[in-house]
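# Structural overview
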Amino acid sequence: MTGRILGTGAYVPARIVENQELAKLVDTNDAWIRERTGIARRHVAEEETTSYMAAQAAREALCQAEISSEEVDLILVATSTPDTIFPCVACEVQKAIKAANSVGFDLNAACSGFLLAYQTAQAYIQAGLYKTILVIGSDSMSHVIDWTDRGTCILFGDGAGAVILRAEEGGLCFHAAHSDGAGGGVLTGRSRHRKDWEEPKHMEETFLHMDGQRVFKFAVRSVPEIVEELLKQAQMKQEEIDYFFLHQANKRIIEAAAKRIGAEISRFPMNLQEYGNTSAASIPILLDEWNRKGLLKRGNKLILAGFGAGLSWAGSLLEW
Ligand code: COA
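Below or above, wherever it landed, is the structure these notes cover. (Residues numbered from 1 in each chain as written. Predicted model: local features only at pLDDT ≥ 70, side-chain atom pairs only at ≥ 80, totals over all residues. Heavy atoms only, no water.)

Scanning the protein chain from terminus to terminus reveals nine helices and 13 strands. Taken across its 320 residues, the protein chain has 55% of its residues classed as buried. Across the protein chain, the fraction of contacts at a sequence separation of at least 24, relative to all contacts at a separation of at least 6, is 75%. On the protein chain, roughly 14400 Å² of surface is accessible, and the fraction owed to carbon and sulfur atoms is 50%. Taking the average location of the 33 positive side-chain charges in the protein chain and that of its 41 negative ones, the two points are 4 Å from each other. (Helix = DSSP H or I, 4+ residues; strand = E, 2+ residues; numbered from the N terminus. Buried < 20%, exposed > 50% of the residue type's maximum accessible area, 1.4 Å probe, protein only. Contact = heavy atoms within 4.5 Å. Areas by Shrake-Rupley, 256 points an atom, 1.4 Å probe, with all protein chains shown as cover. Lys, Arg positive; Asp, Glu negative; His and termini not counted. Charge placed at Lys NZ, Arg CZ, Asp CG, Glu CD.)

On to the site of the ligand, then. Residues in contact with the ligand amount to 23 residues; listed here are only the nearest, Thr28, Arg36, Arg150, Gln213 and Asn250. Measuring from a nitrogen atom of the ligand, one finds a backbone N or O atom of Gly212 at 2.9 Å. Computed on the free molecule, the ligand has an accessible area of 960 Å², of which 73% lies beneath the protein chains in the complex. Secondary-structure elements contributing two or more residues to the shell around the ligand are α2 (30-37), α6 (212-234), α7 (251-261) and β12 (301-308). Among the elements that make up the shell around the ligand, the one with the highest residue count is α6 (four residues). Partitioned by chemical class, the residues of the shell around the ligand number ten nonpolar, nine polar and four charged. (Near = heavy atom within 4 Å. Polar contact = N/O pair within 3.5 Å; in protein donor to acceptor, adjacent residues only side chain to side chain. Nonpolar A, V, L, I, M, F, W, Y, C, P; charged D, E, K, R; others polar.)

Across the interface, helix α3 (residues 50-65) lies against helix α4 (residues 89-97) with an axial gap of 9 Å and an inter-helix angle of 55°. Judged on the interaxial angle alone, α4 and α3 are oblique. As α3 packs across α4, the resulting crossing turns out to be right-handed. Along the contact surface, α3 presents Thr50, Ser51, Ala54, Ala55, Ala58, Arg59 and Leu62, while α4 presents Val89, Glu92, Val93, Ala96 and Ile97. Here the contact of α3 with α4 is composed, by residue class, of eight nonpolar, two polar and two charged. (Axes fitted to C-alpha atoms, helices over the stretch in contact; angles between N-to-C directions. Parallel < 35°, antiparallel > 145°, perpendicular 65-115°, else oblique. Left-handed = near helix turned anticlockwise from the far one by under 90°.)

So, on to the packing of aromatic side chains. In total, this model carries nine aromatic pairs according to the counting rule given. Centroid distance Tyr243 to Phe245: 6.4 Å. Interplanar angle 70°. Geometry classified as edge-to-face. In this structure Tyr243 comes out as buried when scored by relative accessible area, which is 19%. On the basis of relative accessibility, which here comes to 0%, the residue Phe245 falls in the buried class. (Phe/Tyr/Trp six-rings, centres within 6.5 Å; stacked < 30°, edge-to-face > 60°.)

One open sheet accounts for five strands, arranged β1-β7-β6-β4-β5; its pairing is mixed. Looking at the sheet topology across the chains shown, the edges are occupied by β1 (2-11) and β5 (103-107). Pairwise comparison of adjacent strand axes, ignoring direction, gives a mean angle of 20° for this sheet. One ladder, built from nine bridges, connects strand β6 (residues 132-140) with strand β7 (residues 158-168); its direction is antiparallel. For Ile136, the partnering residue across the bridge sits in β7 and is Ala162. Lying on the sheet, α3 is in contact with β1, β6 and β7; it crosses β1 at an angle near 125°. (Pairing = 2+ DSSP bridges.)

On to unusual backbone geometry, then. For the bond running from Phe86 to Pro87, omega is 0°, close enough to zero to count as cis. Examined against the element boundaries, Pro87 turns out to sit in the loop between β4 (74-78) and α4. Omega for the bond connecting Gly310 with Leu311 falls within 30 degrees of zero, at -10°, which places this linkage in the cis form. One non-glycine residue, Ala110, lies in positive phi territory at about 45°.

Ranked by internal contacts, the top residues of the largest apolar core, which has 49 residues, are Phe244, Leu246, Phe268, Ile303, Phe307 and Leu317. Contributing elements (two or more residues each) for this core: α6, β11 (243-246), α7, β12 and β13 (312-319). Sort the elements by how many residues they give to this core and α6 lands first, with ten residues. If we skip the residues at most four places from it in the chain, Ile303 touches Val227, Leu230, Leu231, Ile241, Tyr243, Phe244, Phe245, Ser316 and Leu317. Judged by nonpolar contacts, the second largest core, of 30 residues, contains Ile5, Leu74, Leu115 and Val135. (Core = buried A, V, L, I, M, F, W, Y, C linked by side-chain atoms within 4.5 Å.)

The sheet built from four strands is open, its strands ordered β8-β13-β12-β11 with mixed pairing. Of all the strands in the sheet, the pair left with one neighbour each is β8 (173-179) and β11. Strand after strand, the sheet turns through a mean of 10° between neighbouring axes, direction not considered. On top of the sheet, α6 reaches β8, β11, β12 and β13; it is set at about 145° to β8, its chief contact.

With that settled, the discussion passes to the side chain of Thr37. Structurally, Thr37 is set in helix α2. At 2.6 Å, the side chain of Thr37 forms a polar contact with the backbone oxygen of Ile33. Reaching out from Thr37, the side chain makes a polar contact with the backbone nitrogen of Ile39 at a distance of 2.9 Å.

Next comes the structure, spelled out in structure tokens:
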């Protein structure tokens, strides 16, 4: 049994922040951001929360899959920016979409989160535990960004993407995933917790810290490696893959990965120019965009690959 994608959905906040607007906050400019990252604008949550965006994306996916929320057995939400520590986002989504027969939990693997949630869902399906699974990536990166740090605030955006998986016989399904905790210091989101009993005060904010060049090198190395691992497992050549849906962090990372893989850049869909890096949401938002534009045909062979904090990186090879 494998989980086939029956429907996709996405949600991004209404508020758009252009590169020029960031130039009013930090010492940067549109040309620099476009040249170094490919990003032109991003959507930033004002009223929207991580669970609201997740539920909106879930509704769209359910609608496209033409199934009722009561048919969902499991809700998995990949996020590193939940609204609250608990209840988890998955339970908030369950409430919002009235998926009364489901169980839900969150999973945090930062920007690799969607892939790891997708693989977890496939494992549940293979084990015969659940038949219909809603997998969501949703993040409000604007909440954890240091808006005075020009090295990071230009990169990220907010949003959510969702897929519905339904157990079916057959279908390609190969997975690979890795972590390198020892290398995790190059990309962190730390919060300084208050010590209530000593000195009551509000908890301080969480800020993202990053060594951009080292993360860049890690991404450019890890993505081609995981693609090679998947192709080896599936005994396929890169030429047999129709599209490579990579985590949308930086255009230059995707171009460098494409070059190393030896595949033409036209097979690497991109939308980071519109959304920036939406962390766990980037791959399902991109999938939804291509799906709704009718660019994916049944039987297409896809590789999805993500990388991010942890360090972690993961990929799946599947048939649309
Ligand atoms: N605007 C203008 N100048 C900037 C800038 C900005 N927003 N951010 C940094 N700079 C400056 C630096 O201060 C540096 O100046 P200096 O030469 O005077 O010291 C110069 O630009 C070059 O900085 P550098 O860090 O070498 O740039 P870069 O080409 O590596 O690009 C990133 C920086 C962050 C765009 C790039 O490293 C990157 O994308 N890394 C991966 C990040 C990522 O994807 N993270 C998420 C992974 S899930």
